[in-house]
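# Close look at the chain arrangement
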Amino acid sequence: MSGFDVVVLAGGAARRLAGADKPGLLVAGVSLLDRVLAAAAGAERIVVVGPRRPTAREVVWVREDPPGGGPVAALAAALPSVRAANVVLLAADLPFVPAALIDRLVAALEPGAAGAVAVDADGRDQFLLAAYRTAALRAEVAALARPAGVALRRVVAPLAPRRIPAGPDAGFDCDTWADVREARARSGRMGTAPKRRDMTGLAEWTEAVKRELGIELDVDIPALLDMTRVAAHHVQRPAAPLTAFLVGYAAASRGGGETEVAEALRQAQELAERHGPDAEPDTR
């Protein structure tokens, strides 16, 4: 299989997520962008289009013109940084895309095809989970008078990409908060969550505090730690204990049961995820 570069599209307004920093959303403690970058580890070079943010591996950053100009504008900004003969396009919100599928897409180009696109479980072509001949893609983009606002299908359809079936989870993306919650649930069922450190000491400490304070409540320690991790990541580190206190106070004021705690945790985590350097202020 020939070498390949990867372009990850990590811009967009995330309107259905109330403007949250979608690539930075955490699934089992790992951002969506870092999950995609992990799947792309076999690339010779990774180019990410979008606002700069911390990542677990080194990437080349570029920005589309204008910002938010759509996937073809992002592609036009990225292609000058692509060096390999083959390029894989990936959306930044694919929490379960496997490296093996990326390899299959690139391998499908070898007999001479100009493109290979993953087909999701519903039979839809995923043009941002696909591999293309770099020269062919460059030619299609260069033929456009202005790439901003152009549909990606218009660019890649002339390449007649081969359709490669993907697994049931590979094409799952996170467009809404319901999708994000489903991704977190799937991650737990699939065992894709990173291994946590031994929490025996935390469990023992939790029981000691409960006895001292006279609390009778089953504490979901992983959920609480996930919420505080998100608050620290998206706001600032001291927000983690402060938010945990406010969650506890809110849950107690609502009745103090496990359901109330879980709901307060969910609300606080989603609020923290919507809070980022580019987020609109919440004026409610």
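See the structure printed just above.
Figured I'd write up the structure that's included with this text. Note that the coordinates shown come from a computational prediction; the quantities given were computed from them, not determined experimentally.

About the cut-offs
- Residues numbered from 1 in each chain as written.
- Predicted model: local features only at pLDDT ≥ 70, side-chain atom pairs only at ≥ 80, totals over all residues.
- Heavy atoms only, no water.
- Helix = DSSP H or I, 4+ residues; strand = E, 2+ residues; numbered from the N terminus.
- Buried < 20%, exposed > 50% of the residue type's maximum accessible area, 1.4 Å probe, protein only.
- Contact = heavy atoms within 4.5 Å.
- Areas by Shrake-Rupley, 256 points an atom, 1.4 Å probe, with all protein chains shown as cover.
- Axes fitted to C-alpha atoms, helices over the stretch in contact; angles between N-to-C directions.
- Parallel < 35°, antiparallel > 145°, perpendicular 65-115°, else oblique.
- Left-handed = near helix turned anticlockwise from the far one by under 90°.
- Core = buried A, V, L, I, M, F, W, Y, C linked by side-chain atoms within 4.5 Å.
- Pairing = 2+ DSSP bridges.
- Nonpolar A, V, L, I, M, F, W, Y, C, P; charged D, E, K, R; others polar.
- Salt bridge = Lys/Arg side-chain N within 4 Å of Asp/Glu carboxyl O.
- Arc of directions from axis to C-beta.

## A short note on the overall build of the protein
Counting its regular elements, the protein contains 10 helices and 9 strands. The burial tally for the protein puts 45% of its 284 residues in the buried class. Within the protein, contacts between residues at least 6 apart in sequence are counted, and of these 66% link residues at least 24 apart. Roughly 14,600 Å² of accessible area belongs to the protein as shown, and the carbon and sulfur atoms make up 53% of that amount.

## Remarks on the packing of helix H8 (residues 221–234) against helix H10 (residues 258–274)
Between H8 and H10, the shortest axis-to-axis distance is 8 Å and the interhelical angle comes to 20°. Judged on the interaxial angle alone, H10 and H8 are roughly parallel. As H8 runs across H10, the sense of the crossing is left-handed. Here Ala 223, Leu 224, Asp 226, Met 227, Val 230, Ala 231 and His 234 of H8 come into contact with H10, specifically with Leu 265, Ala 268, Gln 269, Ala 272 and Glu 273.

## Structural notes on unusual backbone geometry
Omega for the bond connecting Asp 65 with Pro 66 falls within 30 degrees of zero, at 0°, which places this linkage in the cis form. With respect to the helices and strands, Pro 66 occurs in the loop between strand E5 (60–62) and helix H2 (71–78). Positive phi, normally seen in glycine, also occurs at Ala 160, with a value near 45°. With respect to the element layout, Ala 160 can be found in the loop between helix H5 (152–156) and strand E9 (162–165).

## Quick look at the nonpolar core
Nonpolar side chains in soluble globular proteins generally cluster together in the buried interior. If you look at the biggest cluster of nonpolar residues, it comprises 33 residues, and the most contacted ones within it are Val 6, Val 8, Ile 46, Val 48 and Leu 90. Only strand E1 (4–9), helix H1 (32–39), strand E4 (46–49), strand E6 (86–91), helix H3 (99–107), strand E7 (115–119) and strand E8 (125–133) provide two or more residues apiece to this core. When near neighbours in sequence (up to four residues on either side) are disregarded, Val 6 contacts Ala 40, Ala 43, Arg 45, Ile 46, Val 47, Val 88 and Leu 90. If you look at the next biggest cluster of nonpolar residues, it comprises 27 residues, including Val 49, Ala 74, Ala 114 and Leu 137.

## Considering the sheet that holds E7
Read across the sheet, 7 strands follow the order E5-E4-E1-E6-E8-E7-E9 without closing on themselves; strand pairing throughout is mixed. Looking at the sheet topology across the chains shown, the edges are occupied by E5 and E9. In this sheet, neighbouring strand axes are inclined to one another by 25° on average, regardless of whether the strands run parallel or antiparallel. Here 5 bridges tie E6 to E8, and the two strands are oriented antiparallel to one another. Looking at E8, one finds that Val 87 is bridged to Tyr 132.

## Observations concerning the pairing of E4
Across the two faces of E4 the burial is the same, with Ile 46 and Val 48 and Val 47 and Val 49 all buried. Pairing geometry for E1 and E4, over 4 bridges, is parallel. The partner of Leu 9 across the bridge, within E4, is Val 49. With 3 bridges connecting them, E4 and E5 associate as parallel partners. Considered in E5, the bridge of Val 48 is made with Trp 61.

## Details of the packing of H8 against helix H9 (residues 239–253)
Two measures define how a pair of helices packs: the angle their axes make with one another and the distance between the axes. One way to put it is that H8 packs onto H9 with a least axis distance of 8 Å and a crossing angle of 130°. As the angle between them shows, H8 and H9 are arranged oblique. In this structure, the crossing between H8 and H9 has a hand that is right-handed. Side by side, H8 and H9 meet where Leu 224, Met 227, Thr 228, Ala 231 and Ala 232 of the first sit next to Ala 239, Ala 240, Thr 243, Ala 244 and Val 247 of the second. For the contact of H8 with H9, a count of residues per class yields 8 nonpolar, 2 polar and no charged.

## Looking at the pattern of salt bridges
Using the criterion set out here, one finds 11 salt bridges in the structure. With a shortest N-O distance of 2.4 Å, Arg 181 and Glu 270 are connected by a salt bridge. Here the residue Arg 181 occupies a position in helix H6 (residues 177–190), and Glu 270 occupies one in helix H10, the gap between them amounting to 89 residues.

## Brief notes about helix H4 (residues 134–142)
The set of residues buried in H4 consists of Thr 134, Leu 137 and Val 141. Looking straight down H4, one finds that the buried residues subtend no more than 65° of arc, so they occupy a single side. For H4, exposure combined with an orientation more than 90 degrees from the buried face picks out Ala 135 and Ala 142. The elements touched by buried residues of H4 are H2, E6, E8 and H5.

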